[in-house]
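Given next are the chains, with one letter for each unit.
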Amino acid sequence: MDEAIVKTQPYHTNTAPTDAEGYEPAIADPPAHLYDHDEVFQGGVTGLAALSAAELTLFREQGFLMLRQALSAAEVQDSLAGIEALCAGQVSGDYVVRYEADARGRFDPIKPERRQDAIRKLSDFVAFEPRLQAVSRHAGIQRVLREVLGEEPRMFQDMALLKPPRIGREKPWHQDCAYFDLPEGTPVAGIWLALDEALVENGCMHVIPGTHVEGPVVHFQRRDWQICDTEVQTGRCLALPMQPGDCLFFDGLLHHGTPPSHSPQRRRALQFHYRPASADFLPDDRERLRLFGEGGKDVSC
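Criteria and cut-off values
Residues numbered from 1 in each chain as written. Predicted model: local features only at pLDDT ≥ 70, side-chain atom pairs only at ≥ 80, totals over all residues. Heavy atoms only, no water. Helix = DSSP H or I, 4+ residues; strand = E, 2+ residues; numbered from the N terminus. Contact = heavy atoms within 4.5 Å. 1 Å grid on protein atoms, 1.4 Å probe; cavity = no way out; pocket = protein on both sides within 12 Å on 5 of 7 lines; lining within 4 Å. Points joined across faces, edges and corners; volume = space filled by probe spheres on them. Nonpolar A, V, L, I, M, F, W, Y, C, P; charged D, E, K, R; others polar. Pairing = 2+ DSSP bridges. Disulfide = S-S within 2.5 Å. Core = buried A, V, L, I, M, F, W, Y, C linked by side-chain atoms within 4.5 Å. Buried < 20%, exposed > 50% of the residue type's maximum accessible area, 1.4 Å probe, protein only.

Caption draft 1: Local environment of the side chain of H138. Mapped onto the elements of the fold, H138 is located in the loop between α3 (130-136) and α4 (139-149). Filtering out sequence-adjacent residues up to four positions away, H138 remains in contact with L48, A70, L71 and E75.

And the structure:
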């Protein structure tokens, strides 16, 4: 099993992690063409007002919907403060911290105020960080999720996804449902909230519109649990730059990924996943492995 995708134990102390604790294994850069795009998306709807039928239809067809200025400037700043507190070890609780492989040796030790520039991902924190819990329960976001899912949403995963300056790794092309033990056909909605400028230069989201209707795709253990590079439909790739406070809603079967960032600019974002309240997880992973590939046992997003 590739340790890059094995579920990890919570790690948050005031000293630098060891290889066995919080560091991600190193991965190679992706093929140069993998995130080539003919178009940079400039559209979207402003605010979190109730969606029109036309916008919901567009979501069904394309698999994503961009809502600009979904969070206020104050909500963005509160979210950043919550992330910085988690990174600095100022929040008590068993949340998960994963460090970038290329941060190893750069900080000795990793002082709390420098830690966010070495961390790749935080997760399982909403029970401990009230500012981020408030975002996950944001009334306007919940209203949109009800329209997207067709019933009351239930959050089942929370993450902060960071690309530190110059060393932010790729998240290869994948479908989020490849990580979740839910019955086939269960609608899953992800939201991706930009807290910094997310640009082509610092690893913004890339998607392949419409791929969610093509169903589950077999994934493989390569740089991560991912769609094989040779199967990525690069000719349909669309880059989605975002400003702080913008929110991307996307289907759990949409093909998406983010390239590495060698930019000096941070790229911090929140990501939450929701399912319908009536949908329950399966007792085991047999259906997911059948749909997405036998190599996906024990993978984590």
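Next, the rest of the story.
Caption draft 2: Spotlight on the layout of surface pockets. Volume-wise, the second largest pocket comes out at about 350 Å³. For the second largest pocket, the lining is made up of 22 residues, of which C177, G185, T186, P187 and L253 are closest to its centre. Of all elements in the fold, only α1 (53-62), α4 and α5 (286-292) reach the threshold of two or more residues within the lining of the second largest pocket. Ranked by residue count, the leading element in the lining of the second largest pocket is α5, at 3 residues. Broken down by class, the residue content of the lining of the second largest pocket amounts to 14 nonpolar, 4 polar and 4 charged.

Caption draft 3: Representation of the sheet that holds strand β9 (residues 205-208) in the model. Spatially, β1-β12-β9-β14-β7 is the arrangement adopted by the 5 strands of the open sheet, whose pairing is mixed. Of all the strands in the sheet, just β1 (39-40) and β7 (171-174) have a single pairing partner and so form its edges.

Caption draft 4: Geometry of empty space enclosed by the protein. If you walk through the whole model with that rule in mind, you get 2 cavities of 30 Å³ or more. In this structure, the largest cavity encloses a volume near 230 Å³. Secondary structure elements with two or more residues in the lining of the largest cavity: β5 (119-123), β6 (153-163), β7, β14 (255-258) and β15 (267-276). For the lining of the largest cavity, the leading source of residues is β6, giving 4 residues. When the residues that make up the lining of the largest cavity are grouped by side-chain class, the tally is 6 nonpolar, 6 polar and 9 charged.

Caption draft 5: Structural context of the state of the cysteines. With the rule as written, the count across this model stands at 0 disulfides. Between C204, a free cysteine, and C237, which holds the nearest cysteine sulfur, the sulfur-to-sulfur gap is 8.8 Å. With no disulfide of its own, C228 has C237 as its nearest cysteine by sulfur position, at a separation of 16 Å.

Caption draft 6: Here's a closer look at the nonpolar core. Formed by 44 residues in total, the largest nonpolar core has its most connected members in I83, L122, F125, I191, L193, F249 and L270. Looking at this core, the element that brings in the most residues is helix α2 (residues 73-87), giving 6 residues. Apart from the residues lying within four places of it in its own chain, the contact partners of I191 are I141, L145, C247, L248, F249, F250, L270, Q271, F272 and Y274.

Caption draft 7: Fine view of unusual backbone geometry. Positive phi, normally seen in glycine, also occurs at Q69, with a value near 55°. Along the chain, Q69 falls in the loop between β3 (64-68) and α2. In this structure, R166 is a non-glycine residue whose phi angle is positive, near 75°. By the element assignment, R166 lies in the loop between β6 and β7.

Read these as layout, nothing more, since geometry by itself doesn't imply function.
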